[in-house]
Amino acid sequence: ECGIYAEYGEFQTVLHYFNQINLSMLAPVSGFRKLNVGSKSDAPPPTSLKGTRLSLHSSLQQTSTGIQALDLVLGNGLNLSSATLFIERDRGEYTPQFARHFISEGVSHDHTVVCCGERVKQWLETLPTPIQQDEKRDKEPDLPEDQLKIAWRYKRRIQARYSHSYDLSKHIPSSQLTSCHVIPHSTPAQEILDQISDHITKTDNVVRIILDRPFFPDLEDSSVFRFHYQLRQITTTKNSVLLCTYPDCIPPSLSFSLSSLYNNCLTINSLPRDKTSVYRDYHGIINLNKVDNMCSFTSPTPDMSDRFFKIQRKKFVVEKMHLPPDLSETVSRSSSTNSGVGGCGGTGGASALDF
């Protein structure tokens, strides 16, 4: 705009434009800022939303997926106003585990959770319970005011957990799910959009939206893509995070359109339960098809495009696949020294300098 004005010589308009800029926005951003200098007021400073933190790659706020290992792959969490697409392959029996952790993380932080789909009621009945920290670790000693002169920046810092670990053997009682709202899967598309928009506009808190196979199997490319496009317009306006699941049998054209519309795209593959397979310790693979980072020139680049997951009795584990360490002791030191290969001194035999 400034370039257009300058091209026609309207310098007064350009000067008026720059005068309207809030120069306070151009000030350098600091990680800590001392508030109420010279005042002994104990009023808490303005803080971020509960269960969020600033991204390391951009200035956006992030929230957790409920799985700490998956947060690291996605750039330490999900950016607010972002959308994540899960594509289910084979039986699709492990995708609900990711959705349950996503919902449980929202319940733990008192986020507004909006669910729509055939399986969401079953998910709400089997949400894993967060593992509480030791009370001794959470309790901090109360120090006098004169002992906090050096560490003033930590004085009013609110110690809140960004993400939790969950116990799969225990479930969250239904009495604690007051912040969860279920939309019937048979609801028309426009009414689903209206209800989601109402939940987003009525609160300043984080809104977590979970869509489980919307309109499946009656998928028409134009109508379904129009629904997701309008949904993305709604979720990008305020503090919301969207998670959607689809099976891999959807039309390829729709799959390509949705992958370009969503910020993150992951494929969940189930592994056969074969005791002779090299993957016998794992239940499935996570393929990172797309990991996008908003408001940044660079996106998170994980060292591996795949992650393996397994379900234990009390824990859902996501980790890298690696070969086990070679701990065999078949080759003894005496046989290796008698092989005629010299050590550091360049001589063979059992010398003190041989390794």
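Please refer to the structure higher up on the page.
Reference entry: report on the structure contained in this document. (Residues numbered from 1 in each chain as written. Predicted model: local features only at pLDDT ≥ 70, side-chain atom pairs only at ≥ 80, totals over all residues. Heavy atoms only, no water.)

## Side note on the overall build of the protein
For clarity, the threshold we go by: Secondary structure follows DSSP: runs of H or I at least 4 residues long count as helices, runs of E at least 2 residues long count as strands, and numbering of each begins at the N terminus. Only protein chains enter the accessibility calculation, which uses a 1.4 Å probe. A residue is then buried if its area is under 20% of the maximum for its type, exposed if over 50%, and partly exposed in between. The contact rule is simple, with two residues in contact once any of their heavy atoms fall within 4.5 Å.
Counting its secondary structure elements, the protein contains 10 helices and 14 strands. When each of the 355 residues of the protein is scored for burial, the buried share is 38%. Long-range pairs, those at least 24 residues apart, make up 71% of the contacts in the protein with a sequence separation of at least 6.

## Some remarks on helix H9 (residues 252-261)
Basically, it comes down to this: Note that the arc is defined by the directions from the helix axis to the C-beta atoms.
Inspection of H9 places Leu 254, Leu 258 and Leu 261 among the buried residues, and these make up the whole buried set. The buried residues of H9 occupy one face: seen down the axis, they fall within an arc of 60°. Seen from the buried face of H9, the exposed residues on the opposite side, beyond 90 degrees, are Pro 252, Phe 256 and Ser 260. Those residues of H9 that are buried lie in contact with strand S4 (83-88), helix H8 (221-235) and strand S10 (240-247).

## Brief notes about the pairing of strand S13 (residues 306-311)
Our working rule: When DSSP locates at least two bridges between a pair of strands, those strands are taken to pair.
Inspection of the sheet shows strand S12 (residues 284-291) paired to S13 by four bridges, in the antiparallel sense. Considered in S13, the bridge of Asn 287 is made with Asp 306. In this antiparallel pair of consecutive strands, S13 and strand S14 (residues 316-319), the connection spans four residues.

## Regarding the packing of H8 against H9
Applied cut-off: Only the stretch in contact is used when a helix axis is fitted, and all axes are lines through C-alpha atoms; the angle between N-to-C directions ranges over 0 to 180 degrees. An angle below 35 degrees is treated as roughly parallel, one above 145 as roughly antiparallel, one from 65 to 115 as roughly perpendicular, and anything else as oblique. Ten residue types, Ala, Val, Leu, Ile, Met, Phe, Trp, Tyr, Cys and Pro, are classed as nonpolar, four, Asp, Glu, Lys and Arg, as charged, and the remainder, Gly among them, as polar.
In contact at an axis separation of 10 Å, H8 and H9 are set at 10° when each is read in the N-to-C sense. Taken together, the axes of H8 and H9 are roughly parallel relative to one another. Along the contact surface, H8 presents Asp 221, Val 224, Phe 225, His 228, Tyr 229 and Arg 232, while H9 presents Ser 253, Leu 254, Ser 257, Leu 258 and Leu 261. For the contact of H8 with H9, the per-class residue count stands at six nonpolar, three polar and two charged.

## What about the nonpolar core?
To keep things clear, this is the line we draw: Nonpolar core, defined: a set of buried Ala, Val, Leu, Ile, Met, Phe, Trp, Tyr and Cys residues in which side-chain atoms within 4.5 Å join the residues together.
The biggest cluster of nonpolar side chains holds 35 residues, and the ones touching the most others in it are Phe 98, Ile 103, Ile 210, Ile 286 and Phe 309. Elements supplying a minimum of two residues to this core: helix H3 (68-73), helix H4 (95-108), strand S5 (112-117), helix H5 (120-125), S10, strand S11 (264-270), S12 and S14. Among the elements that line this core, the one with the most residues is H4, at five residues. Not counting residues up to four positions away in its chain, the partners in contact with Phe 98 are Ile 67, Leu 70, Phe 86, Ile 268, Ile 286, Phe 309 and Phe 316. If you look at the next biggest cluster of nonpolar residues, it comprises 27 residues, including Ile 183, Leu 219, Leu 254 and Cys 265.

## Some remarks on the packing of aromatic side chains
Going by this rule: Within 6.5 Å between ring centres, the rings of Phe, Tyr and Trp (the latter by its six-membered ring) count as paired, and their orientation is classed by plane angle as stacked under 30 degrees, edge-to-face over 60, tilted in between. The criterion for a charge sitting over a ring is simple: Lys NZ or Arg CZ within 6 Å of the ring centre, and within 35 degrees of the ring normal.
Under the criterion given, the structure shown has nine aromatic pairs. Pairing Tyr 94 with Phe 309 gives two aromatic rings, centres 5.5 Å apart and planes at 70°, and the pair type is edge-to-face. With Tyr 94 in the loop between S4 and H4 and Phe 309 in strand S13, this pair connects stretches of sequence that are 215 residues apart. The same class applies to Tyr 94 as to Phe 309, namely buried. Ring geometry for Tyr 282 and Phe 308: centres 5.3 Å apart, planes at 55°, overall tilted. Taken together, the residues Tyr 282 in the loop between S11 and S12 and Phe 308 in strand S13 connect sequence positions 26 residues apart. Take Tyr 282 and Phe 308: they sit in the same class, and that class is buried. One aromatic cluster is present, built from ring pairs that chain together Phe 86, Tyr 94, Phe 98, Phe 309 and Phe 316. The cationic tip of Arg 53 hangs over the ring face of Tyr 162; the distance from NZ or CZ to the ring centre is 3.8 Å. The ring of Phe 102 is capped by Arg 208, whose NZ or CZ atom sits 4.7 Å from the centre of that ring.

## Here's the deal with the environment of Ser 255
Within the secondary structure, Ser 255 is located in helix H9. Residues Ser 255 and Phe 225 lie 30 residues apart in sequence; the distance between their C-alpha atoms is 9.7 Å.

## Some words on the packing of helix H7 (residues 189-201) against H8
Running from amino to carboxyl end, H7 crosses H8 at an angle of 10°, the nearest separation of the two axes being 10 Å. Regarding the angle of H7 to H8, the classification is roughly parallel. Judged by residue contacts, Ala 189, Gln 190, Ile 192, Leu 193, Ile 196, Ser 197 and Ile 200 of H7 engage Phe 227, Gln 230, Leu 231, Ile 234 and Thr 235 from H8. In terms of residue class, the contact of H7 with H8 is built from eight nonpolar, four polar and no charged.

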